[in-house]
Amino acid sequence: MSETTGALRVPTRHFDVEAVRREFPILGRSVHGRPLVYLDNGASSQSPAAVIAAVEDYMSTHHANIHRGVHTLSQEATALYEEARERIRRFVNAASRSEIVLLRGTTEAINLIAQSYARPMLRPGDEVLITHLEHHANIVPWQMVCAQTGATLVVAPIDERGEVHAEAVEALMGPRTRILACAHVSNALGTVLPVERLVASARSRGIVTVVDGAQAVAHCGVDVRALGCDFYAFSGHKMYGPTGIGALYGREELLERMPPWQGGGDMILRVSFSGTTYAALPGKFEAGTPNISGAVGLGAAIAFLDSMDLDAARSHEEALRLHAEDTLGAIAGLRVIGTARRKAGLVSFVVDGVHPHDIGTILDQEGVAIRTGHHCAMPVMDHFKVPATARASFAFYNTFAEIDRLAAAVEHARRMFL
Ligand code: 7TS
């Protein structure tokens, strides 16, 4: 059972957090002489031993280039890479492996959609609709493709809680709206967006939907077919896997129609100087040697997630978040930024008289790792009229005692600046 300190409003459902923690070697280390409290999971989560072992096993015994060798190692590496794709497919419930493009992560996935789907399709005066709380990865690629095509970027508002109201987004869906691109969960505020309704509304108007699932995929339970979106992007390093690997789900019918966005090896059927024919999906979008060991690691991370009681893990994360809001909320001069009614496991905050970077530095001295800054969501900072926030983001391996250490360290930082 997990600890039950603090004023919990959500039961923790027989979640053995200590057993889970033992699977994550890094959680045993110290920082500045104090046991590490890792609360920067929104940036990158840590990997269990099974992921580290899978990558090591791949590198030690199977490593070779994929899809091209008749020799044993190449065939083994290819099988492992394609197994990872299959695990990812099942995890998000895509219909076919052709719909899972492996690439560097969310940023690359959204750039691929912008350049390969949107750029050939958008006409001057067309509109791309996003929301005010997007990560820069879901803003800048759209600004770039709008500049390239003469389309206009339209931004749906957020309210004072940091919520996105479906009616406000729907009001901006017009006859020229071609694409709706929105986060599933905000990385700066924790807001869970009403993606089910937004996707349904967009689809009924013939608008193509892109969901940035970077913050959601490990924490929400994603079923791309139930959601009905056209594209869903996510990163391995936010779901207990390695960096440099992620995936784009795309509806096959759309991916089929899209031209490749990078040319090179592995994405062709035949090349001659009179013309080139491209490989079938998803190879068409995977030019060059990919991050094979990363894919193997991501496959292992998903196997690890598959082995867990994810409902219990999610209730635990929710309980952690509520406990953090209670304990941090009791600190004088502390203001939580982002108070949406549906929130995922993170808390952004500012403290009167203490710059977030100073909070981050002082917390680090106490072994507590959080993220401070604009979180690559500068428009969100502008909206709340703050230059930056401190952000604690949770994973299922965090404990209530760690949240108490976070709160104590923030209180300590506040007192230093009195
Ligand atoms: N979209 C969202 C909602 C994100 O949170 C991030 C990364 C990205 C896109 C980009 O993902 P990448 O894997 O391609 O870099 N967010 C964060 C963060 O909150 N702190 O560091 C990275």
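Note that the structure is predicted; figures quoted are calculated from it, not measured.

Undergrad: Account for the nonpolar core, with residues named and values stated.
TA: Counting residues in hydrophobic clusters, the biggest one holds 82 residues, and the most contacted among them are Val-92, Tyr-232, Met-239, Tyr-240, Phe-396 and Tyr-397. Among the elements that take part in this core, helix 10 (residues 292–306) stands out by supplying nine residues, more than any other. Here this core gathers at least three residues from each of two domains, domain 1 (2–48 + 309–416) and domain 2 (63–306). The residues touching Tyr-397, leaving out its near neighbours within four places in the chain, are Val-17, Val-20, Arg-21, Phe-24, Leu-27, Tyr-38, Asn-41, Ser-45, Gln-46, Tyr-240 and Glu-402. Core analysis: the next-biggest nonpolar cluster, separate from the first, contains 29 residues, Ile-110, Ala-114, Ile-130 and Ala-233 among them.

Undergrad: Pulling in residues and values, what's your account of the packing of aromatic side chains?
TA: Applying the stated rule across the entire model yields nine aromatic pairs. When the ring of Tyr-240 is compared with that of Tyr-397, the centres are 6.0 Å apart and the planes differ by 75°; the resulting orientation is edge-to-face. With Tyr-240 in the loop between strand 9 (231–235) and strand 10 (246–250) and Tyr-397 in the loop between strand 17 (389–393) and helix 14 (400–416), this pair connects stretches of sequence that are 157 residues apart. You'll find Tyr-240 and Tyr-397 in the same group, each marked buried. Among the aromatic side chains, those forming a connected cluster through ring pairs are Phe-24, Tyr-240, Phe-304, Phe-396 and Tyr-397.

Undergrad: Tell me about the environment of Ala-43, residues and numbers included.
TA: Tracing the backbone shows Ala-43 in the loop between strand 3 (37–38) and helix 2 (49–62). Spatially, the C-alpha atom of Ala-43 lies 8.2 Å from that of His-237, the residues being 194 residues apart in sequence. Sequence-distant contacts of Ala-43, defined by excluding residues within four places in its chain, comprise His-237, Lys-238 and Arg-391.

Undergrad: I'd like a rundown of the site of the ligand, residues and numbers included.
TA: Within the structure, the ligand sits among 15 residues, and Thr-107, Asp-212, Ser-235, Arg-371 and Arg-391 are positioned closest to it. Within the backbone of Thr-106, an N or O atom sits 3.5 Å from an oxygen atom of the ligand. Within the side chain of His-135, one N or O atom sits 3.4 Å away from a nitrogen atom of the ligand. Compared with its free state, where it exposes 490 Å², the ligand has 87% of that area covered by protein. Taken domain by domain, the makeup of the shell around the ligand includes at least three residues from each of domain 1 (2–48 + 309–416) and domain 2 (63–306).

Undergrad: Now, about the domain arrangement of the protein chain: what can you tell me, with residues and values included?
TA: Domain annotation for the protein chain reports domain 1 (2–48 + 309–416) and domain 2 (63–306). Its C-alpha centre places domain 1 at a distance of 28 Å from the equivalent point of domain 2. Domain 1 puts 37 residues into the contact, and the matching count from domain 2 is 39 residues. When the two sides are added together, the surface that domain 1 and domain 2 hide from each other amounts to roughly 3000 Å², 53% of it contributed by carbon and sulfur. Considering only the side of domain 1, the residues that lose the most area to domain 2 are Arg-314, Arg-341 and Arg-342, jointly responsible for 18% of the buried surface there. Joining domain 1 to domain 2, the criterion identifies one salt bridge. Summed over the shared surface of domain 1 and domain 2, the number is 24 residue pairs in polar contact (both at pLDDT 80 or more). Those elements that place two or more of their residues in the side of domain 1 that touches domain 2 are helix 11 (310–329), strand 14 (346–351) and helix 13 (378–384).

Undergrad: Could you give me a rundown of the sheet that holds strand 8 (residues 208–212), with the residues and numbers involved?
TA: Across the sheet, which stays open at both edges, the seven strands sit in the order 4-10-9-8-7-5-6 with mixed pairing between neighbours. Across the chains shown, the open sheet's two edge strands, defined by having one partner strand only, are strand 4 (100–103) and strand 6 (152–156). Across this sheet, the average inter-strand angle for adjacent strands is 20°, counted without regard to direction. In the sheet, strand 7 (residues 177–183) pairs with strand 8 via five bridges, with the strands oriented parallel. By the bridge assignment for strand 8, Leu-180 is matched with Thr-209. Packed on one face of the sheet, helix 7 (residues 195–204) meets strand 7 and strand 8 and runs near 170° to strand 7.

Undergrad: Hey, could you go over the pairing of strand 7 for me, with residue numbers and the actual values?
TA: Counting buried residues in strand 7 gives six out of seven residues, a clear majority hidden from the surface. Judged from the three bridges that link them, strand 5 (residues 127–131) and strand 7 form a sheet pairing that is parallel. Note on strand 7: the bridge partner recorded for Val-128 is Ile-179. Following the backbone out of strand 7, through helix 7 and into the adjacent parallel strand 8, one traces a crossover that is right-handed.

Undergrad: Just give me the short version of the packing of helix 11 against helix 14, but keep the residues and values in it.
TA: Two numbers describe how helix 11 lies on helix 14: the axes approach to 10 Å, and their chain directions differ by 25°. In terms of axis orientation, helix 11 runs roughly parallel to helix 14. The interaxial crossing formed by helix 11 with helix 14 has right-handed handedness. When helix 11 is examined against helix 14, the residues His-316, Ala-319, Leu-320, His-323, Ala-324, Thr-327 and Leu-328 are found in contact with a partner set consisting of Phe-400, Ile-403, Asp-404, Leu-406, Ala-407 and Val-410. Looking at the contact of helix 11 with helix 14 residue by residue, the class counts come to nine nonpolar, three polar and one charged.

Undergrad: Got a sec to walk through the sheet that holds strand 14? Specific residues and values, please.
TA: The strand order 13-14-17-16 describes an open sheet built from four strands, whose pairing is antiparallel. The sheet terminates laterally at strand 13 (334–337) and strand 16 (371–373), the two strands that pair on one side only. Strand-to-strand twist of the sheet, defined as the mean angle between neighbouring strand axes without regard to direction, takes the value 30°. Across four bridges, the pairing between strand 14 and strand 17 is antiparallel. Across the sheet, Ser-348 pairs through a bridge with Arg-391, a residue of strand 17. Sheet contacts for helix 12 (residues 356–365): strand 14, strand 16 and strand 17; angle to strand 16, the most-contacted strand, approximately 155°.

Quick notes on the rules
Residues numbered from 1 in each chain as written. Predicted model: local features only at pLDDT ≥ 70, side-chain atom pairs only at ≥ 80, totals over all residues. Heavy atoms only, no water. Core = buried A, V, L, I, M, F, W, Y, C linked by side-chain atoms within 4.5 Å. Buried < 20%, exposed > 50% of the residue type's maximum accessible area, 1.4 Å probe, protein only. Helix = DSSP H or I, 4+ residues; strand = E, 2+ residues; numbered from the N terminus. Domains from an automatic or database assignment. Contact = heavy atoms within 4.5 Å. Phe/Tyr/Trp six-rings, centres within 6.5 Å; stacked < 30°, edge-to-face > 60°. Near = heavy atom within 4 Å. Polar contact = N/O pair within 3.5 Å; in protein donor to acceptor, adjacent residues only side chain to side chain. Areas by Shrake-Rupley, 256 points an atom, 1.4 Å probe, with all protein chains shown as cover. Buried area = accessible area lost by both parts, 1.4 Å probe. Salt bridge = Lys/Arg side-chain N within 4 Å of Asp/Glu carboxyl O. Pairing = 2+ DSSP bridges. Axes fitted to C-alpha atoms, helices over the stretch in contact; angles between N-to-C directions. Right-handed = clockwise from strand over helix to strand, strands pointing away. Parallel < 35°, antiparallel > 145°, perpendicular 65-115°, else oblique. Left-handed = near helix turned anticlockwise from the far one by under 90°. Nonpolar A, V, L, I, M, F, W, Y, C, P; charged D, E, K, R; others polar.

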